[in-house]
Amino acid sequence: MKHNPMQELTFTDPNFVAMVRGVRGLHRLVLEGSADDSPEAEAIRDATDGPWRALSEADRRRVRELSEDLFSLGELAAMPRPMTAEVNSMLTEVDEARHRSDWDTALALLRRCAGHLSPARLSYLRGVIWQEAGDPETASLFLEHAARLAPENRDERAAAS
């Protein structure tokens with residue numbers, strides 16, 4: 001994937017920040033067992049209507065992808081498929097994208113190879129990317145998930161604390 005600086009995450013747009021907070025809030029409610037139609041969920045959706053309309057299409061895509069990534073944390077994971085040379089190459093590209101601060105590319109590549117990674121490793125990598133992108137609150141959701149799944153792994157445990 002070619003680097004496109006226009007596709008980097010930024011946390012300067014208050015509408016984008018409001019949407020990310022909203023997605024995290026809905027995720028939290030689901031984890032707590034609240035119904036999707038609960039008054040709290042409705043309040044979050046009402047509060048994010050305006051910010052959603054103000055987002056660019058690229059930011060709307062980012063919010064949808066974050067939502068999918070967060071809600072995948074609650075899914076039962078299948079056994080990872082075997083690693084391939086292509087997946088190893090994509091993981092190298094993830095690292096390269098991170099070093100360029102190209103968060104969109106790094107996250108997109110992880111989505112492409114997600115089925116080949118353990119859920120703990122996938123969450124850890126997503127958490128690290130969100131941390132590096134400047135959103136520690138979102139990062140902590142992924143890092144805490146990784147630490148719960150693999151408490152013996154020092155990297156995930158240290159990153160979540």
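All figures in this text were calculated on a predicted structure; none of them were measured in a lab. (Residues numbered from 1 in each chain as written. Predicted model: local features only at pLDDT ≥ 70, side-chain atom pairs only at ≥ 80, totals over all residues. Heavy atoms only, no water.)

Looking now at the packing of helix α4 (residues 85-99) against helix α5 (residues 103-113). Look at α4 against α5: their axes get within 8 Å of each other, and the N-to-C directions meet at 160 degrees. Here α5 runs roughly antiparallel to α4, going by the angle between their axes. The handedness of the crossing between α4 and α5 comes out as left-handed. Together, Glu-86, Val-87, Met-90, Leu-91, Glu-93, Val-94, Ala-97 and Arg-98 of α4 and Trp-103, Thr-105, Ala-106, Leu-109, Leu-110, Arg-112 and Cys-113 of α5 make up the contact between the two elements. A breakdown of the residues in the contact of α4 with α5 according to their chemical character gives 10 nonpolar, one polar and four charged. (Axes fitted to C-alpha atoms, helices over the stretch in contact; angles between N-to-C directions. Helix = DSSP H or I, 4+ residues; strand = E, 2+ residues; numbered from the N terminus. Parallel < 35°, antiparallel > 145°, perpendicular 65-115°, else oblique. Left-handed = near helix turned anticlockwise from the far one by under 90°. Contact = heavy atoms within 4.5 Å. Nonpolar A, V, L, I, M, F, W, Y, C, P; charged D, E, K, R; others polar.)

Next up on the list: the environment of Leu-70. Relative to the assigned elements, Leu-70 resides in helix α3 (residues 57-71). Taking the C-alpha atoms as reference, Leu-70 lies 9.3 Å from Ser-123; in sequence the two are 53 residues apart. Other than its neighbours up to four places away in sequence, Leu-70 contacts Val-23, Arg-24, His-27, Leu-141 and Phe-142.

What follows concerns unusual backbone geometry. Unlike most non-glycine residues, Ser-101 shows phi in positive territory, near 60 degrees. One can find Ser-101 in the loop between α4 and α5. For Ser-101, a relative accessible area of 30% corresponds to the partly exposed category. (Buried < 20%, exposed > 50% of the residue type's maximum accessible area, 1.4 Å probe, protein only.)

To continue, consider the packing of helix α6 (residues 119-133) against helix α7 (residues 136-149). At a closest axis distance of 7 Å, the pairing of α6 and α7 adopts a crossing angle of 160 degrees. Classed by the angle they form, the pair α6 and α7 counts as roughly antiparallel. Considering the relative orientation of α6 and α7, their crossing is left-handed. Mapping the contact onto sequence places Pro-119, Ala-120, Ser-123, Tyr-124, Arg-126, Gly-127, Val-128, Trp-130 and Gln-131 in α6 and Pro-136, Thr-138, Ala-139, Phe-142, Leu-143, His-145, Ala-146 and Leu-149 in α7. Across the contact of α6 with α7, the residue classes break down as 11 nonpolar, five polar and one charged.

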